[in-house]
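Listed below are the residues making up each chain.
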Amino acid sequence: MNIRRPDSQTPAAPTTTRSPQTQPTATATPAAQPAATARNVATEQSGFTEARRAPTDLTGASARETALPGPVSPDSSEGQVAFKTAVEFINKQVGTAESIKAAPAFDAAQSFRPKTIERDELGMTHVRMERMHEGVKVFGEQVIGHMDRDGKMDSLTGDVSVIPEGLGTESTRLSAKDALAIAQKDFAGKTDRQPTLERVIYKDEQGQYRTGYHVELTNTSSKEERPRRMNYLVDAETGSLASKWNQMGGIELNARANTEPKVVTGSATPNAEIKDLATTTSKITLAEDVTIDTLKLDLDLDHTWRGDLTVTLTSPSGKSAVISNREGGSADDLKGSFDLSQFAGEKTAGEWTLTVEDKARRDTGTLNSWSLTATAKAEQPPPPPPAGEVDDSSIYSGKVDLDTKQNADGTHSLEDDSRGKGVVTLDAQNKQRPSGPVAFNDANNVWGEAGDDPRTKAAVDAHYGAQMTYDFYKNVLGRDSLDGKGEKLVSNVHIGNNYVNAFWDGKQMNYGDGNGRDAGPLTTLDIAGHEITHGLTERTAGLIYRGESGGLNEAFSDIMGTGVEWYASTKNQSVKFDWAVGEDAWTPTNGDPNDALRYMNDPTKDEYSVDHYSNYPKQTEVHGSSGIANNAFYLLANGGTNRTSQQTVDGGIGMDKSLKVYYRALAHYMTPNTTFSQARDATIKAATDLFGADSAEVAKVKQSWSAVGVESK
């Protein structure tokens, strides 16, 4: 992916305007947030400021009125002019630009079709185009034309390579039916949606274009732990599976976050002499702090008369348990495992002391070694807070204010028509997929109070999470829901039984209840924002869920999910913003930011993710590689040091600016196969648009990516 500026001006595309009276009214921002001040101070930790609803000239020129930001129909006169401007510019680049390599007869008007056209808050227009060859779609290849507020070409994102003639018109050995059968054989199961199949041209691993079929098979109702939206590229000549991946974006539990209780261990090898009529002690310090469910002591002690000995273990809190009290008569040695259930409920962290007392004459020995194995207590999700006199009680966000619908019978349901085309939360009734979900109803519109159906508790959080995500998109990012046109947000709670995951299925959000041991209901603010953002990514860059683009897909969900938590924290003092992902639902230390699914400030903390591109070959799974971009974002917003490189970004630019930069990059400068290096370029271009090429913000974007080992190519 390259971002290029034109060498000469192209014909201007007309823009439509609306009078100032038609501009939407800005919502109030929190007090003490000055408007557009000190925008080039990199160390500014900016709070929430609403996205600009009319373009602002950031270079010092006077502002000019322009059309409202949002989607533009490709079929409209404005859309057609924008598309024509973009393809004319591409045609001029053939043979001159290194990234536009095409046959002499190449015609961009025939080789691209507009996918989306969007006008942004700066007045720029972005034409996202899918590549076609001889009438066949080229899988994953897009080019984006960027026009300034006057309709003149500003730059181009994407590459064009030569595709062999006839690849789209010649007959293939395999039919579409054959390709579907090959994919279905690999899928090895039933589907619960109509399969999709499309003839495509694709690039193989050697960079050669080939003809094939793109097949998607979906099943979200299987009892498997993870639902599937399997994508296949089937070679139309050989019948081989050129590539396959699961496009189902979920919050996902990594390799460490399994279903087994957490175990904390420690050991010591004092080899200490046990003298006659004397006391010997040894200590073990446990750093991790969990609540003990079971505790085992393994002891290796030599003594010529164990009946002389009293052995005691003392916890950090001072509680003691006797292991042996002059037992065993004339038997030698004291070895083996001892179950110390009396320490259940104690915390592990701190200094544990083993005391050996010799209480009789003549015999001696040696305390060779001992160890402790503590299994964590599985804590249940936190109960909802006590019901108050007003508003609604959530599990994770304290008191919240839900917008709902009053039904004809006087009850209320979780349907909100005040945001776009609606926000709806439904009960999936613990089915594996939301087949025939039912509405949640409440008699007095006070949700989560004592006496309410317990099933509504998770629904309160899911509904609140969707509302906060919608508001975050609109007020921070300047986007009206997923598609920019108010797309309805549907959430289904109570998916499956003891289901420890949440996922976006291409149409709606789905939340499991957790198993009460590893996780509570997966309906926290950052998880809701994470899942909904998978939908945003599909509607914008369309990042393919494999390789580097897949890692970026997951990272953008983590980044925007964290953004939702941050945004909500500016409005609700019960919401605690941190750099952990899923910590509020994750047990055994529920709500503790040190016990989470992922950590943006230190991705390696989960013992699975990587934080530096040099380690990407070792971890290419999309949730693990997401740590690279996650840490780059953290360093941009907050400043800090990357653990692997030890490179430091001295002060960040704050959440508000950082989120705008990353969203702009996703929506306007990234394509389905974007790599980490191209993501760096996209964020640099986005920051340049917003703050200027020589701004401190652009410098911080570059520093943050360099710290995680990602450079421009």
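Our subject is the structure listed above.
Reading the values: the criteria
- Residues numbered from 1 in each chain as written.
- Predicted model: local features only at pLDDT ≥ 70, side-chain atom pairs only at ≥ 80, totals over all residues.
- Heavy atoms only, no water.
- Helix = DSSP H or I, 4+ residues; strand = E, 2+ residues; numbered from the N terminus.
- Buried < 20%, exposed > 50% of the residue type's maximum accessible area, 1.4 Å probe, protein only.
- Contact = heavy atoms within 4.5 Å.
- Pairing = 2+ DSSP bridges.
- Axes fitted to C-alpha atoms, helices over the stretch in contact; angles between N-to-C directions.
- Parallel < 35°, antiparallel > 145°, perpendicular 65-115°, else oblique.
- Left-handed = near helix turned anticlockwise from the far one by under 90°.
- Nonpolar A, V, L, I, M, F, W, Y, C, P; charged D, E, K, R; others polar.
- Core = buried A, V, L, I, M, F, W, Y, C linked by side-chain atoms within 4.5 Å.
- Polar contact = N/O pair within 3.5 Å; in protein donor to acceptor, adjacent residues only side chain to side chain.
- Expected span 1.5 Å × (residues − 1).
- Phe/Tyr/Trp six-rings, centres within 6.5 Å; stacked < 30°, edge-to-face > 60°.
- Lys NZ or Arg CZ within 6 Å of the ring centre and 35° of its normal.
- Salt bridge = Lys/Arg side-chain N within 4 Å of Asp/Glu carboxyl O.

Undergrad: How should I be thinking about the overall build of the protein chain in this particular structure?
TA: Within the protein chain one finds 10 helices and 35 strands. The 713 residues of the protein chain split such that 56% are buried. For the protein chain, long-range pairs separated by at least 24 residues make up 68% of all intrachain contacts whose partners lie at least 6 apart in sequence.

Undergrad: Just to check I follow, could you spell out the sheet that holds strand 28 (residues 441-442) for this structure?
TA: The strand order across the open sheet built from 3 strands is 23-24-28, with neighbouring strands paired in antiparallel fashion. On the outer flanks of this sheet lie strand 23 (405-406) and strand 28, each paired with one strand and no other. Strand direction decides the pairing type here: strand 24 (residues 412-413) and strand 28, joined by 2 bridges, are antiparallel. Bridging across to strand 28, Ser413 finds its partner in Asn441.

Undergrad: Sorry if this is basic, but what is going on with the packing of helix 7 (residues 622-638) against helix 8 (residues 655-668) here?
TA: In a pair of packed helices, the angle between the axes and the distance between the axes together describe the arrangement. As a packed pair, helix 7 and helix 8 sit with axes 8 Å apart at the nearest point and diverge in direction by 140°. It follows that helix 7 is oblique to helix 8 by the angle criterion. For the pair helix 7 and helix 8, the sense of crossing is right-handed. Contacts between helix 7 and helix 8 involve Ala629, Ala632, Phe633, Leu636 and Ala637 from the first element and Met655, Ser658, Leu659 and Tyr662 from the second. Tallied by class, residues from the contact of helix 7 with helix 8 come to 8 nonpolar, 1 polar and no charged.

Undergrad: I keep staring at the sheet that holds strand 19 (residues 350-358) and nothing clicks. Help me out?
TA: Pairing between the strands of a sheet comes from backbone hydrogen bonds, and it takes one of two forms, parallel or antiparallel. Judged by pairing direction, the sheet is antiparallel, and its 4 strands sit side by side in the order 14-19-16-17 without closing on themselves. Two strands lie at the open edges of the sheet, namely strand 14 (279-286) and strand 17 (320-325), each paired on one side alone. Along the sheet, successive strands turn relative to each other by an average axial angle of 15°, direction set aside. As judged from the 6 bridges shared by strand 16 (residues 309-314) and strand 19, these two strands associate in the antiparallel manner. When the sheet's bridge partners are listed, Thr312 is paired in strand 19 with Thr355.

Undergrad: So what exactly am I meant to see when it comes to the packing of helix 4 (residues 456-477) against helix 8 here?
TA: Viewed as axis vectors pointing N to C, helix 4 and helix 8 meet at an angle of 95°, and their least axial separation amounts to 10 Å. Between helix 4 and helix 8, the crossing angle belongs to the class labelled roughly perpendicular. Residues Phe472, Val476 and Leu477 of helix 4 touch helix 8, and the partners they reach there are Asp656, Leu659, Lys660 and Tyr663. Here the residues of the contact of helix 4 with helix 8 sort into 5 nonpolar, no polar and 2 charged.

Undergrad: Explain the nonpolar core to me, please; I cannot follow it from the model alone.
TA: Buried together is how nonpolar side chains tend to be arranged in soluble globular proteins. In terms of nonpolar packing, the biggest core is built from 90 residues, with Phe472, Met560, Phe633, Leu659, Tyr662, Met670 and Trp705 touching the most fellow members. A total of 11 residues in this core trace back to one element, the largest contributor, which is helix 4. Excluding its chain neighbours within four sequence positions, the residues that come into contact with Phe633 are Ile559, Trp579, Met600, Met655, Ser658, Leu659 and Tyr662. In this structure, Ile292, Leu297, Leu309 and Trp352 belong to the second largest nonpolar core, which totals 27 residues.

Undergrad: Just to check I follow, could you spell out the side chain of Thr353 for this structure?
TA: Secondary-structure assignment places Thr353 in strand 19. Among the polar contacts made by the side chain of Thr353, one reaches the side chain of Lys283 at a distance of 3.1 Å. Apart from residues no more than four positions distant in its own chain, Thr353 is found in contact with Thr281, Ser282, Lys283, Thr312, Leu313, Thr314 and Trp370.

Undergrad: Sorry if this is basic, but what is going on with the pairing of strand 5 (residues 136-147) here?
TA: Counting buried positions along strand 5 gives 12 out of 12 residues, so the element sits mostly inside the fold. Two elements, strand 4 (residues 125-133) and strand 5, share 8 bridges in a ladder whose sense is antiparallel. Its bridge partner being in strand 5, Met132 is matched across the sheet by Lys137. Between strand 4 and the antiparallel strand that follows it, strand 5, lie 2 residues; Glu134 among them carries a positive phi value of about 55°. Here strand 5 runs beside strand 6 (residues 153-157); their pairing, made up of 4 bridges, is antiparallel. Paired with Met147 across the two strands is Met153, which belongs to strand 6.

Undergrad: What is the right way to read helix 4 from this model?
TA: An α-helical segment advances 3.6 residues per turn. Residues three or four places apart therefore align on the same side. Taking 1.5 Å per residue, 22 residues should reach 32 Å; helix 4 reaches 30 Å between its end C-alpha atoms and fits that length. Most of helix 4 sits inside the fold, with 20 of its 22 residues counted as buried. Among the residues trailing helix 4, Gly478 stands out with phi positive, at a value near 75°.

Undergrad: Got a minute to help me understand the side chain of His412 in this structure?
TA: Tracing the backbone shows His412 in strand 24. Filtering out sequence-adjacent residues up to four positions away, His412 remains in contact with Thr404, Lys405, Gln406, Asn407, Phe440, Asn441, Asp442, Ala443, Asn444, Asn445 and Trp447.

Undergrad: For this particular structure, what's the right way to read helix 9 (residues 676-691)?
TA: For helix 9, which comprises 16 residues, the first-to-last C-alpha distance of 22 Å matches the rise-based estimate of 22 Å (1.5 Å per residue) to within 8%. Counting buried positions along helix 9 yields 16 of 16 residues, so the element is predominantly enclosed. Immediately downstream of helix 9, the backbone of Gly692 shows phi near 100°, a positive value.

Undergrad: In this structure, what is going on with the packing of aromatic side chains? I would like to understand it.
TA: For any pair of aromatic rings, the description consists of the separation of the ring centres together with the inter-plane angle of the planes. Under the counting rule described, the total for this entry stands at 15 aromatic pairs. Here Phe343 and Trp352 contribute two aromatic rings whose centre-to-centre distance is 5.3 Å and whose plane-to-plane angle is 70°, an arrangement assigned as edge-to-face. Of the residues examined, Phe343 reaches a relative accessible area of 0% and is grouped as buried. An aromatic cluster is defined as three or more aromatic residues linked by ring pairs; in this entry it consists of Phe556, Phe577, Trp579, Phe633, Tyr634, Tyr662 and Trp705. Across the ring face of Phe187, the terminal group of Arg228 is positioned such that the distance to the ring centre comes to 3.7 Å. Geometry around Trp245 places Arg546 over its ring, the cationic atom sitting 4.3 Å from the centre.

Undergrad: Could you clarify how one ought to interpret the pattern of salt bridges in this entry?
TA: Charged atoms that come close allow side chains of opposite charge to pair. Taken as a whole, this structure holds 36 salt bridges when the rule is applied. The closest approach of N and O atoms between Glu130 and Arg113, which form a salt bridge, is 3.2 Å. One end of the pair, Glu130, is in strand 4; the other, Arg113, is in strand 3 (residues 112-119), with 17 residues separating them in the sequence. Exposure remark for Glu130: the relative accessible area of 10% places this residue in the buried category. Salt bridges sharing partners connect three or more residues here, namely Asp120, Glu121, Asp154, Arg664, Lys685 and Asp689.

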